[in-house]
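# An overview of the molecular structure
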Amino acid sequence: MEKYFDRLWPLNRSLTGNGNRETLRILSELVDLRIREIPSGTTCFDWAVPPEWNVKEAWIKDSSGKKIIDFEENNLHLIGYSQSFEGKMNLSELKEHLHTLPSQPDAIPYITSYYAPRWGFCLRHDQLTDLKEDNYEIKIDAHHDSGGSMTIGEAVIPGETSNEILISTYICHPSMANNELSGPIVSSFLYRLLMSSQRNFHTLRFIFIPETVGAIWYLSENGRRLSENLKAGFVLTCIGDDGAFTYKRSRRGDTPADKAAEYVLEKSGLEFSVENFFPTGSDERQFCSPGFNLPVGSIMRTRYGKYDEYHTSADNKSFISFDAMEESVNICAKVVDTIDKNAVYMNLLPYCEPQLGKRGLYPTLGSRKDTGEYVKAMMWVLNQSDGTKDLLDISRLSGIEFSALVEAGNALHSAKLLERIS
Amino acid sequence: MEKYFDRLWPLNRSLTGNGNRETLRILSELVDLRIREIPSGTTCFDWAVPPEWNVKEAWIKDSSGKKIIDFEENNLHLIGYSQSFEGKMNLSELKEHLHTLPSQPDAIPYITSYYAPRWGFCLRHDQLTDLKEDNYEIKIDAHHDSGGSMTIGEAVIPGETSNEILISTYICHPSMANNELSGPIVSSFLYRLLMSSQRNFHTLRFIFIPETVGAIWYLSENGRRLSENLKAGFVLTCIGDDGAFTYKRSRRGDTPADKAAEYVLEKSGLEFSVENFFPTGSDERQFCSPGFNLPVGSIMRTRYGKYDEYHTSADNKSFISFDAMEESVNICAKVVDTIDKNAVYMNLLPYCEPQLGKRGLYPTLGSRKDTGEYVKAMMWVLNQSDGTKDLLDISRLSGIEFSALVEAGNALHSAKLLERIS
Amino acid sequence: MEKYFDRLWPLNRSLTGNGNRETLRILSELVDLRIREIPSGTTCFDWAVPPEWNVKEAWIKDSSGKKIIDFEENNLHLIGYSQSFEGKMNLSELKEHLHTLPSQPDAIPYITSYYAPRWGFCLRHDQLTDLKEDNYEIKIDAHHDSGGSMTIGEAVIPGETSNEILISTYICHPSMANNELSGPIVSSFLYRLLMSSQRNFHTLRFIFIPETVGAIWYLSENGRRLSENLKAGFVLTCIGDDGAFTYKRSRRGDTPADKAAEYVLEKSGLEFSVENFFPTGSDERQFCSPGFNLPVGSIMRTRYGKYDEYHTSADNKSFISFDAMEESVNICAKVVDTIDKNAVYMNLLPYCEPQLGKRGLYPTLGSRKDTGEYVKAMMWVLNQSDGTKDLLDISRLSGIEFSALVEAGNALHSAKLLERIS
């Protein structure tokens, strides 16, 4: 994991560009990615894919010719989607184009101007304070190519059915660690873990996209399919730090995604918190827009906006932990597995109980004073399988562990007493 | 306000009669009232408009010729709708026709006999105790005219739509202050305040009617229109004393009327209480009868039945406060305004987010670590505007002030991103 | 009651057989039972009526010829549905066929093997421990007659309508007192009590059946009628001990059965507990199977599985109390009566209030400062009778006693202001 982190870290990711392309190329060593190029200008709902942005160099030199700020050194120094510029300025003219975070004077802020033409640099506030009156030379050699494209990656682990579980993560952040190298890395290792498991009921889909416009484009192409097939989805973001897990519910709030994530976190014994949906945040905003209203939540550790390092150069390798990311992969895998096994069954003999004894599913000696746990689990599954409840619902109702209900469901399904309807 | 109170106080209001006519004539100085006469005998559902009742004189003299009880002095002395009578009686015969309140010996009770022929007087219990054996002379000169009529007043402030907000108050109580001169006076001043505001989305309607049979007649004529158009309504009664506000919910309990009244009272910082609907009380009983089940609650201060002075001569000018009535007018105006602005919108671009930036509604510089409040408000309105939620619902969900959502809604509506559907 | 208990106690009840036949013959002295014989082999859903089982003798003798275990002495000694056997064995061979309860060494366990051929005896664990190495003689003379039948009893108290209330109890347990002589005895005395009351709105039906296969057969014949007509039902079991009442809800949880049972128990002032439905237990499992999902709960005192004596010889006459059973009869009668009176009405004049005064239902003198309780009850019933609420719902909403609402409902019904729709 760390090896991949170190290789991905220096790349200049944005909505588009070679940094994204290289990021997906590296991740495709882990994930069987189908990488696609969406031409700039492609319209998607109310939006259009922006021109492709690439930067050759960007720096400020003082009058002695010394580079005092250099994009080479930290790609956060340049405003995302900055225009090109070449010229000389005194300090006060230059300051119009410099951005700092006075409250965190040690950190370079992360700033973008995707949809309005601007040029500018970001730097530590301490450095700004130290700048002297001088004649500064500025060079930004950046290209906005309307003949370019936006690069996205997609991978599918086929399942028995076209019912889908979606993992969505974004690849548009330059050198920051929790937000957002943790998302693509955890997603990639999750893919590997799930790929190695037995065949799933659901088709598992992973998308690696730039935030917002990437999700909007993806929905413009795939929204109809997702509306029909998507049973649960998660945006993975800010999932690499040591903090407690945060689950942000889908807009509907009680979908299989929500029930499974909350069940797994409860059973994990780990600290966690749950937040209701809110329409600011990441790409769940698009998946949960009212026209789609998909069952998509977000699994995080310390949420964006909740830690000081967020959207600054301080969100770096020392802020995250590879043990935490390992744990994130495992929790996400359990969530996916829980959704996959969380059947809704129809009882095929719904009038009275089926005779379990003649199928070898019931003790023939009526001696026990308490019904055995295994019989209880079967009875609950049979009784509640009227097509309105899934196994997680039955677990809540009965107090029986989900895994015991899964086992009971499998036994009853094998005995042809149940049909799985989703 | 006090001037109007003093002029209205002595009038002998009842279900019908010249006292009501004069009351509406005086109020029409404040309100552009359409005054109508509904003929006695007019049937309305299970009821009929009663004969018109007017009193010339009503008194009891002792054998010395001294008037010991006189309607002229206090119109509560005569039972409402009392029959005429002329004759002489000893004390014990007379007592059959005298009504007092032993538990409040200083107060004259308010008693009516609208639908059974009776004659009688009401007096202080202390006075009854002091009455001596004597030969009393009684005269009641009252007319029950089946060729008369019931007088009602109605005023409308037109709005952009035929969606209606209704204010209903009653004018059938003789000389009592909180119940019920406060209702018509607060309603009239509320009319003036709302009349002077800018044009509303809703049509505002005010009715001044006798309780019960007046409301029943009004519904017999207008029930169909109200069933279609009424979005919220309030019965204003007992709204002149210094006590805390009381909001009595509509039968449905969660209508725009209820949500707005409770929101305004919560935000007012004032003490208040909320009661669920109950089918005794005032005209909300008719509006909320099961056939209509209209969104009508009742805004009060100290509720009928909750103060000792209720339905006695002690409910007089000293029991109320013109400051309190002023405050009542303002609270009611805020409630009406809240309902008027409490839009249900449909998001016209419900698939993913619209691009707010290109419409000048979003900061072009992606720098803020927290999304601004204004952007949050727009995001919430867009996300939740699927036709099932109004702005008050969104305020509860998001924790954002209603006024900020109204502003966001207006901006998005101007940008043609929303359509108002109610 | 005690007399019947003593006569029923020694009979060898099981799924089928002469013990059941004799049990129903004795109960038919109390209940006008229609006794029916369902042939062995009759299929019912996934099940078939088993062969009829009767036992002539069953004992174990030691080598001295002394009967050390004798079915004659306690019918729990023989496994229910035991096969015949004749032979001699040493102790260790015999032990393969002996069943005890080590944790309750004084009690004979109750064990059955209905659907797998087996022979065996049950005994006190203390007796097992004392058994010496010997040559034992075993004789079980039992018949499994596939030409036999299963015996069930049914009684009906006709009502004004075909809407039904069902009391179901089971007759398949040999000599045990709480589970399950209390059920048939309480049901029989309940029948007598209800038979002597005035004519009911509902048809009352009582069934006396063997557990599980009896209920399944009954539903196979009557399930369609019950699905249409059954408004409430109860399985009566474990209802003879001194413990607090237990109400186990129907699967739906909020049916008239549930509301009435809980209301009566709350008002009784007795201690009680309520349990949500669970699909292990007694015949409510069949009535509440997902295909039927009938409004059937279970009224018990100390529930099966909650007392040590359950399913052992210690569940005997000293464990129960005839006073408790008397109380059980009375509580059940109140529950049935509450359901019977728990009307859903439609207000026939739903637009505004009907004029109660002209029907003699309202005081003509408008003097009371508080509306009388009786008028309040009428107002509530009129206001809420829109076909969605029964009188118990209205009682919860209004805080008015159910009995007052019943009285108000009757008065309004007599005045033709209400129609009873269920």
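Remember, predicted model here, so these are calculated numbers, not experimental data.

Let's shift gears to the interface of chain A and chain C. Contacts between the two partners involve 24 residues from chain A and, on the opposite side, 32 residues from chain C. Approximately 2,400 Å² of surface area, both sides summed, lies buried where chain A meets chain C, with 53% of it carried by carbon and sulfur atoms. The tally of links from chain A across to chain C stands at 4 salt bridges. A salt bridge links Glu353(A) to Arg285(C); the shortest N-O distance between them is 2.4 Å. There are 12 residue pairs in polar contact (both at pLDDT 80 or more) connecting chain A and chain C.

So, about the pattern of salt bridges. Taken as a whole and judged by the stated rule, the model has 78 salt bridges over all chains. Here Arg21(A) makes a salt bridge to Glu52(A), at a shortest N to O gap of 2.8 Å. Separated by 31 residues along the polypeptide, Arg21(A) in helix H2 (residues 18-27) and Glu52(A) in strand E4 (residues 52-61) bring together distant segments of the chain. Its relative accessible area of 7% is what places Glu52(A) among the buried residues. Close ionic contact of Lys317(B) with Asp6(B) constitutes a salt bridge, the shortest N to O distance being 2.9 Å. Here Asp6(B) lies in helix H1 (residues 2-8) and Lys317(B) lies in the loop between strand E16 (296-300) and helix H9 (322-341), a separation of 311 residues in the sequence. The class of Asp6(B) is partly exposed, set by a relative accessible area of 37%. Among the charged side chains, a salt-bridge network with shared partners connects Glu154(A), Glu164(A), Arg205(A) and Arg225(A).

Taken as a whole, this structure holds 52 aromatic pairs over all chains when the rule is applied. Taken together, a centroid distance of 6.3 Å and an interplanar angle of 75 degrees make the contact between Tyr4(A) and Phe189(A) edge-to-face. One end of the pair, Tyr4(A), is in helix H1 (residues 2-8); the other, Phe189(A), is in helix H5 (residues 182-195), and 185 residues separate them in sequence. Between Tyr81(A) and Tyr114(A), the aromatic rings sit 5.5 Å apart at their centres with planes inclined by 90 degrees, giving edge-to-face as the arrangement. In this pair, Tyr81(A) sits in the loop between strand E5 (67-70) and strand E6 (85-90) while Tyr114(A) sits in the loop between strand E7 (98-99) and strand E8 (121-122), placing the two residues 33 residues apart along the sequence. Among the aromatic residues, those joined into a cluster by ring pairs are Trp47(A), Trp53(A), Tyr81(A), Tyr114(A) and Tyr115(A). We note Lys248(B) situated over the ring of Phe278(B); from NZ or CZ to the ring centre the distance is 3.6 Å. Across from the ring centre of Trp59(C), 4.2 Å away, lies the NZ or CZ of Lys61(C), which sits over that ring.

Calculation notes
- Residues numbered from 1 in each chain as written.
- Chains lettered and ligands numbered in written order.
- Predicted model: local features only at pLDDT ≥ 70, side-chain atom pairs only at ≥ 80, totals over all residues.
- Heavy atoms only, no water.
- Contact = heavy atoms within 4.5 Å.
- Buried area = accessible area lost by both parts, 1.4 Å probe.
- Salt bridge = Lys/Arg side-chain N within 4 Å of Asp/Glu carboxyl O.
- Polar contact = N/O pair within 3.5 Å; in protein donor to acceptor, adjacent residues only side chain to side chain.
- Helix = DSSP H or I, 4+ residues; strand = E, 2+ residues; numbered from the N terminus.
- Buried < 20%, exposed > 50% of the residue type's maximum accessible area, 1.4 Å probe, protein only.
- Phe/Tyr/Trp six-rings, centres within 6.5 Å; stacked < 30°, edge-to-face > 60°.
- Lys NZ or Arg CZ within 6 Å of the ring centre and 35° of its normal.

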